[in-house]
Amino acid sequence: MPEDSAAIGPSYGFDTLQIHAGARPDPATGARQTPIYQSTAFVFRDADHAAALFNLQEVGYIYSRLTNPTVAVLQERIATLEGGVGAVCCSSGHAAQIMALFPLMAPGRNIIASTRLYGGTVTQFSQTIKRFGWSAKFVDFDDTDALKAAIDDDTRAIFCEGIANPGGYITDLRAAADIADAAGIPLIVDNTSATPYLCRPIEHGATLVVHSTTKYLTGNGTVTGGAIVDSGKFDWAASGKFPSLSEPEPAYHGLKFAETFGPLAFTFHSIAVGLRDLGMTMNPQGAHYTLMGMETLSLRMDKHVENAVKIAKWLENDDRITRVTYAGLESSPYYDRTKTVCPRGAGALFTFAVKGGYEACIKLIDSLEIFSHVANLGDTRSLIIHSASTTHRQLDENQQRAAGADPDVVRVSIGIEDPDDLIADLDQALSKATS
Ligand SMILES: *Cc1c(COP(=O)(O)O)cnc(C)c1O
């Protein structure tokens with residue numbers, strides 16, 4: 001393939017795309033690795049070029065709050081791996097969630113969200129979005145009748161995680177997508193815990209996919225970031241429910257995004273209005289770290305899953321443990337669902353309950369040597385946290401239980417170290433915690 005050819009297209013295998021998608025040798029220097037374009041602004045060829053860019057008649061670089069060449073490579077890579085038509089990166093996973101909802105929502109509108117979500121997302125949806133006049137109704141997605149019944153005329157999206165953090169829960173994405181389709185609203189899937197290597201929500205009917213790139217996509221615990229991937233499949237004009245996308249958008253001198261950009265309407269709106277006015281931008285240095293991490297995504301995810309299965313099985317057979325909730329175990333009620341939703345494995349996040357409850361959990365965490373006690377997941381390093389006293393602390397006890405964060409439970413994010421070392425570490429720490 002000639003060096004100056006266009007970026008590698010989506011017909012290649014995952015392992016090829018995770019390294020090449022979106023990237024080209026730098027046209028100015030031939031640099032093989034994607035340069036960090038650490039520049040705030042980009043020079044216009046002339047006044048006509050500048051006008052065309054501002055009118056969105058030509059795609060190019062203006063100012064790094066909106067677009068940046070390093071970030072653009074990452075956007076194209078994530079979109080390709082997810083099977084979407086476009087993606088927009090932003091400053092964190094939580095920023096991605098707000099950016100995903102922003103074009104869809106207005107005061108008085110609501111979303112239906114799964115009860116099984118990252119703790120910070122529950123707080124964002126149950127508290128913070130109220131300040132915008134938006135609201136969320138939380139539903140158990142296994143109860144499809146309740147999910148259907150929760151949708152009303154003001155509902156503008158359904159939101160869930162495929163592999164849900166932290167309780168070992170797998171969402172029946174196809175069932176949720178069918179309900180969203182019937183209601184004429186988009187399904188948004190947070191694919192952070194699975195990554196596109198384990199699960200591709202668009203193939204199950206998702207309209208939008210959001211990511212905290214902070215986690216497995218970067219994979220090394222260096223930077224926060226987020227992304228929104230657009231499937232390009234939703235007809236924003238069909239129902240009249242999404243005027244920002246289908247009607248003249250007053251925030252962009254009356255442009256009709258759906259009419260002008262077709263399947264890329266959401267992506268263009270997210271850049272031209274979302275990033276422009278909300279300013280939740282990813283910086284090029286951050287994009288660089290995430291691009292580096294993504295080159296080894298499949299290798300890491302296979303090892304994460306292999307280690308998680310081995311350690312979950314060991315814990316399940318240990319009499320100091322009362323239960324292990326990992327969908328990769330045959331004992332899990334969600335084991336069968338993994339075969340359709342995430343056939344390459346159920347991820348590497350799970351919880352287990354320790355005999356001795358809250359006190360034993362705290363002692364276990366303080367006695368571990370390899371596992372780090374941090375509020376993070378998806379690192380190469382193994383991590384552990386007591387969700388009830390940390391990440392899920394803002395939730396009441398019912399919300400904690402619904403999210404799988406009971407007081408006697410710890411959450412682990414299994415890394416890619418030697419699994420026998422991790423088991424030995426858990427063994428010695430459990431002895432101290434339960435003696
Ligand atoms: C971490 C996380 C988020 C939030 O992402 P940030 O990058 O921390 O803002 C959202 N969803 C899931 C599943 C996460 O793990």
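The rules behind the values
Residues numbered from 1 in each chain as written. Predicted model: local features only at pLDDT ≥ 70, side-chain atom pairs only at ≥ 80, totals over all residues. Heavy atoms only, no water. Near = heavy atom within 4 Å. Polar contact = N/O pair within 3.5 Å; in protein donor to acceptor, adjacent residues only side chain to side chain. Areas by Shrake-Rupley, 256 points an atom, 1.4 Å probe, with all protein chains shown as cover. Salt bridge = Lys/Arg side-chain N within 4 Å of Asp/Glu carboxyl O. Helix = DSSP H or I, 4+ residues; strand = E, 2+ residues; numbered from the N terminus. Buried < 20%, exposed > 50% of the residue type's maximum accessible area, 1.4 Å probe, protein only. Pairing = 2+ DSSP bridges. Axes fitted to C-alpha atoms, helices over the stretch in contact; angles between N-to-C directions. Contact = heavy atoms within 4.5 Å. 1 Å grid on protein atoms, 1.4 Å probe; cavity = no way out; pocket = protein on both sides within 12 Å on 5 of 7 lines; lining within 4 Å. Points joined across faces, edges and corners; volume = space filled by probe spheres on them. Nonpolar A, V, L, I, M, F, W, Y, C, P; charged D, E, K, R; others polar. Left-handed = near helix turned anticlockwise from the far one by under 90°. Core = buried A, V, L, I, M, F, W, Y, C linked by side-chain atoms within 4.5 Å. Domains from an automatic or database assignment. Phe/Tyr/Trp six-rings, centres within 6.5 Å; stacked < 30°, edge-to-face > 60°. Buried area = accessible area lost by both parts, 1.4 Å probe.

Right, let's get into the site of the ligand. Around the ligand, 15 residues are found, and the nearest of them are Gly-93, Asp-190, Ser-212, Thr-214 and Lys-215. In this structure, an oxygen atom belonging to the ligand sits 2.7 Å away from a side-chain N or O atom of Thr-214. In the environment of the ligand, an oxygen atom lies 2.7 Å from a nitrogen or oxygen atom belonging to the side chain of Lys-215. For the ligand, whose free accessible area comes to 380 Å², the fraction covered by protein is 92%.

Our focus in this paragraph is the pattern of salt bridges. If you walk through the whole model with that rule in mind, you get 16 salt bridges. In this structure, the salt-bridge partner of Glu-203 is Arg-200, at a minimum N-O distance of 2.7 Å. For Asp-408, the salt bridge goes to Arg-323, with nearest N and O atoms at 3.5 Å. Taken together, the residues Asp-408 in the loop between α16 (397-402) and β14 (409-413) and Arg-323 in strand β10 (residues 321-325) connect sequence positions 85 residues apart. The class of Arg-323 is partly exposed, set by a relative accessible area of 35%. Each member of the salt-bridge network shares a partner with another, and the members are Asp-318, Arg-320 and Asp-427.

If you walk across this open sheet you meet the 7 strands as β1-β9-β8-β7-β4-β2-β3, and the pairing is mixed. The sheet terminates laterally at β1 (86-90) and β3 (135-139), the two strands that pair on one side only. The sheet shows a mean angle of 20° between the axes of neighbouring strands, taken without regard to direction. Bridge count for strand β8 (residues 208-212) against strand β9 (residues 226-230) is 5 bridges, and the pairing is antiparallel. Residue pairing in the sheet places Val-210 in a bridge with Ile-228 of β9.

For the rest of this paragraph, the subject is the sheet that holds β14. Two orientations exist for strands paired in a sheet by backbone hydrogen bonds: parallel and antiparallel. Taken in spatial order, the 5 strands line up as β10-β11-β14-β13-β12 in an open sheet, and their pairing is mixed. At either end of the open sheet lies a strand with only one pairing partner, and these are β10 and β12 (372-373). The pairing of β12 with strand β13 (residues 383-385) spans 2 bridges and is classified as parallel. Its bridge partner being in β13, His-373 is matched across the sheet by Ile-384. Its contacts with the sheet put helix α13 (residues 297-316) on β10 and β11 (349-354), and the angle it makes with β11 is roughly 15°. Relative to the sheet, helix α15 (residues 357-367) contacts β11, β12, β13 and β14, its axis offset from that of β11 by approximately 125°.

Further remarks concern empty space enclosed by the protein. With the rule as written, the count across this model stands at 1 cavity of 30 Å³ or more. Approximately 40 Å³ is the volume attributed to the largest cavity. Lining of the largest cavity is provided by Ser-64, Leu-66, Thr-67, Asn-68, Val-71, Gln-75, Cys-89, Leu-275, Thr-281 and Met-282. For the lining of the largest cavity, the residue count by class is 5 nonpolar, 5 polar and no charged.

Where α13 contacts helix α17 (residues 419-434), the two axes come as close as 10 Å, and the packing angle between them is 35°. Seen along the crossing, α13 lies across α17 with a hand that is right-handed. Of the residues in α17, those in contact with Lys-303, Asn-307, Lys-310, Ile-311, Trp-314 and Leu-315 of α13 are Pro-419, Asp-420, Leu-422, Ile-423, Leu-426, Asp-427 and Leu-430.

Here we come to the environment of Ala-237. Note on placement: Ala-237 falls in the loop between β9 and α9 (243-246). Residue classification places Ala-237 among the partly exposed positions, given a relative accessible area of 45%. Note: C-alpha distance between Ala-237 and Ile-170 (67 residues apart in sequence) is 32 Å.

Below, the discussion takes up the nonpolar core. Leu-104, Ile-158, Phe-257, Phe-350, Phe-352 and Leu-364 are the most contacted members of the largest nonpolar core, which has 127 residues in total. Among the domains, domain 1 (14-104 + 186-294) and domain 2 (297-434) are the pair contributing at least three residues each to this core. Those residues within four positions of Phe-352 in sequence are excluded, and the remaining contacts are Leu-315, Ile-321, Arg-323, Val-324, Leu-364, Asp-408, Val-409, Val-410, Val-412 and Leu-426.

Before going further, it helps to examine the packing of aromatic side chains. Applying the stated criterion to the full structure yields 14 aromatic pairs. Centre to centre, the rings of Phe-234 and Phe-242 are 5.7 Å apart; their planes meet at 85°, and the pair counts as edge-to-face. Exposure class is identical for Phe-234 and Phe-242. Each is buried. For the pair Phe-257 and Phe-261, a centre-to-centre distance of 5.8 Å together with 40° between the ring planes defines the contact as tilted.

Under the domain assignment used here, the chain contains domain 1 (14-104 + 186-294) and domain 2 (297-434). A C-alpha centroid distance of 32 Å is found between domain 1 and domain 2. Between domain 1 and domain 2, the contact holds 20 residues from the first and 23 residues from the second. Summed over the three residues of domain 1 that lose the most area to domain 2, namely Tyr-197, Leu-198 and Tyr-216, the buried surface amounts to 46% of that side. The interface formed by domain 1 and domain 2 contains 0 salt bridges. Counting across the domain 1 and domain 2 interface gives 11 residue pairs in polar contact (both at pLDDT 80 or more). Elements with a minimum of two residues in the side of domain 1 that touches domain 2: α1 (14-20), α8 (195-198) and α12 (284-294). Sorting elements by how many residues they give to the side of domain 1 that touches domain 2 places α8 first, with 4 residues. When grouped by side-chain class, the residues that make up the side of domain 1 that touches domain 2 number 9 nonpolar, 9 polar and 2 charged.

Attention now goes to the environment of Ile-188. Mapped onto the fold, Ile-188 is located in strand β7 (residues 187-190). Sequence spacing of Ile-188 and Asp-230 is 42 residues, and the spatial spacing of their C-alpha atoms is 9.6 Å. Beyond its immediate stretch of four places on either side in the chain, Ile-188 contacts Leu-101, Leu-104, Ala-157, Ile-158, Phe-159, Cys-160, Leu-208 and Val-210.

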